[in-house]
Every structure is written in C-alpha cells, then in structure tokens.
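# Chains, contacts and geometry: an overview
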Amino acid sequence: MPNHAADKLSDITQRMTAALQLAGRDAAAAQLLAISKTKPVAAITPLIEAGHRHFGENRVQEAAEKWPALKAAHEGLELHLVGPLQTNKAKEAVALFDVIQTLDREKLARKMAALKDAQAEEATGDILFPRFFIQVNSGDEPQKSGVSPSELTAFHGLCTAELGLNVVGLMCLPPQDEAAGPHFALLAKLAAGLGLSQLSMGMSGDFETALSLGATHIRVGTALFGARD
Ligand SMILES: *Cc1c(COP(=O)(O)O)cnc(C)c1O
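Cut-offs and rules
Residues numbered from 1 in each chain as written. Predicted model: local features only at pLDDT ≥ 70, side-chain atom pairs only at ≥ 80, totals over all residues. Heavy atoms only, no water. Disulfide = S-S within 2.5 Å. Buried < 20%, exposed > 50% of the residue type's maximum accessible area, 1.4 Å probe, protein only. Near = heavy atom within 4 Å. Polar contact = N/O pair within 3.5 Å; in protein donor to acceptor, adjacent residues only side chain to side chain. Areas by Shrake-Rupley, 256 points an atom, 1.4 Å probe, with all protein chains shown as cover. Nonpolar A, V, L, I, M, F, W, Y, C, P; charged D, E, K, R; others polar. Core = buried A, V, L, I, M, F, W, Y, C linked by side-chain atoms within 4.5 Å. Contact = heavy atoms within 4.5 Å. Helix = DSSP H or I, 4+ residues; strand = E, 2+ residues; numbered from the N terminus.

### Some points on the state of the cysteines
Overall, the coordinates contain zero disulfides when judged by the stated rule. For the unlinked cysteine C159, the closest cysteine sulfur is that of C172, found at 17 Å. Residue C159 is classed as buried on the basis of its relative accessible area, which comes to 0%.

### Quick look at the site of the ligand
The ligand sits among I35, K37, V82, M203, S204, R219, V220, G221, T222 and R228. At 2.9 Å from a nitrogen atom of the ligand is found a side-chain nitrogen or oxygen belonging to R219. When isolated, the ligand has an accessible area of 390 Å², and the protein chains bury 89% of it. Residue composition of the shell around the ligand, by class: four nonpolar, three polar and three charged.

### Regarding the nonpolar core
Membership of the largest hydrophobic core comes to 66 residues, with the highest contact counts inside it found for L103, M112, L165 and L170. Setting aside chain neighbours within four positions, we find L103 in contact with L108, A109, F132, F133, I134, Q135, F155, C159, L165 and V167.

### Remarks on the side chain of H80
Assignment of secondary structure puts H80 in strand 3 (residues 78-81). Engagement of the side chain of H80 in a polar contact is seen with the side chain of Q101, the distance being 3.0 Å. Among residues more than four places away in sequence, those in contact with H80 are L33, F55, G56, E57, F97, V99, Q101 and H217.

As structure tokens, then:
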C-alpha cells in the first residue's frame, strides 16, 4: 500500500518533468500540490514518507482534523487551502494554512487584513501570515467563486496596496465543459499584467497543459490518491 502511493507520486513527477522540459521550462519551475481532500491520514503519510511536502485541502474543518498532528510529526510541510473560505472560518484558516489560494472577495480580504493587523499587534518578532493567491473566475461562471477578470486589477490593488496582503499569484478552476487551455493562457496573461509570478492551475486531467502554459503550482488529487468517494 505505501509503495503504491509512492509509485503514483513518482509517475506524476516524471510526467511533470517531461511536460516542463517540452515547454522549455526548468524542472524546478513548478510545484506539485497533492490534494488530499476526503483522504485519511493513512493515505497521506506514505507520500510524506516518500519525501513529498506540499499538500492542499479544500475544507478548513477537515484540514483541522488531519493536519496539526501531521505538521507536528513531520518537518517542512506546506499546506494550501484550495476550497472556498467563509469569513467565520478565516481565523482558523490562518492558523492552519501556509497558503490560501481562494482569496476571492472584498469581505474576505478585509477580514484577512484585520487578522493580520491583530497578529502584528500581539507579536514580538516577525509574524507568520499566509501567502495568498487570488482566485479568478476565468469563465465568468455565475455559480463559481472567484474574481471576474474585469475586476481583477481593482481587487488586486485593494488586497495589496490598501490591505497589505501578501498576494503571490493567481488561481483558477476552468469551466468543466470547456477546453482548459484558453483559461490557463488567460490566467497567465492576467498574472503577467499584474507582475505576479505564481500560477496555480491544472488538475489530474489537465496538468500537462497547465505546465505548458506557465503553471507554477499544479493541484493533483485523484491521479495520486485514486478516486474520491
Ligand atoms: C479537488 C480539487 C483538485 C484536485 O482535483 P483532481 O481532479 O482530483 O486532481 C484541484 N483543485 C481544487 C480546487 C480542488 O477542489
């Protein structure tokens, strides 16, 4: 069982390296995030033991049940939140996650800034506060969270210049019934326009396309852990 997970990890890593090479990009230009949502600690541990350190979860409550013990037991783990975040869970999310990829609205940005200010007031040394990706609703889908491309420049300005959040990149989840490539290309163009160097895009079915278009973080669940229930 442990070897099974390690085999999948090495398979994905090889496919990543090949895709990056084909795109003329450095082998270290992108990070694989293992998306472990719905998977028990017993399924995650073999990947950690195989040396993997970068993970993602989509729910604060579930992450709170799984990750504090894992982080205490293993050095250097980095945890990303890739699911929607309610403001009433923001404080808990800040304590659990190193990176929050779903900054998607003004109310949440203001809540994060307030938490950061409160932490700075209490802290004596440097404060440890998450880095952020802004989630972009690249297809302007009404039911999907994320900032519309047309509102992105203003929202980015609010988060950074006004609120002082550490925004490092953009994230998207393309519409399910469309080719992902044009959405990845749009995200890359939007990031370049804002001077952002990190792009979280690409999942089990399309991470090679994402890597060819500049992804720095790919989010892979089922191809590593198998299907979710
Ligand atoms: C579940 C999830 C993934 C992983 O999807 P797979 O198709 O299982 O690789 C990636 N990103 C987000 C935001 C997710 O919720």
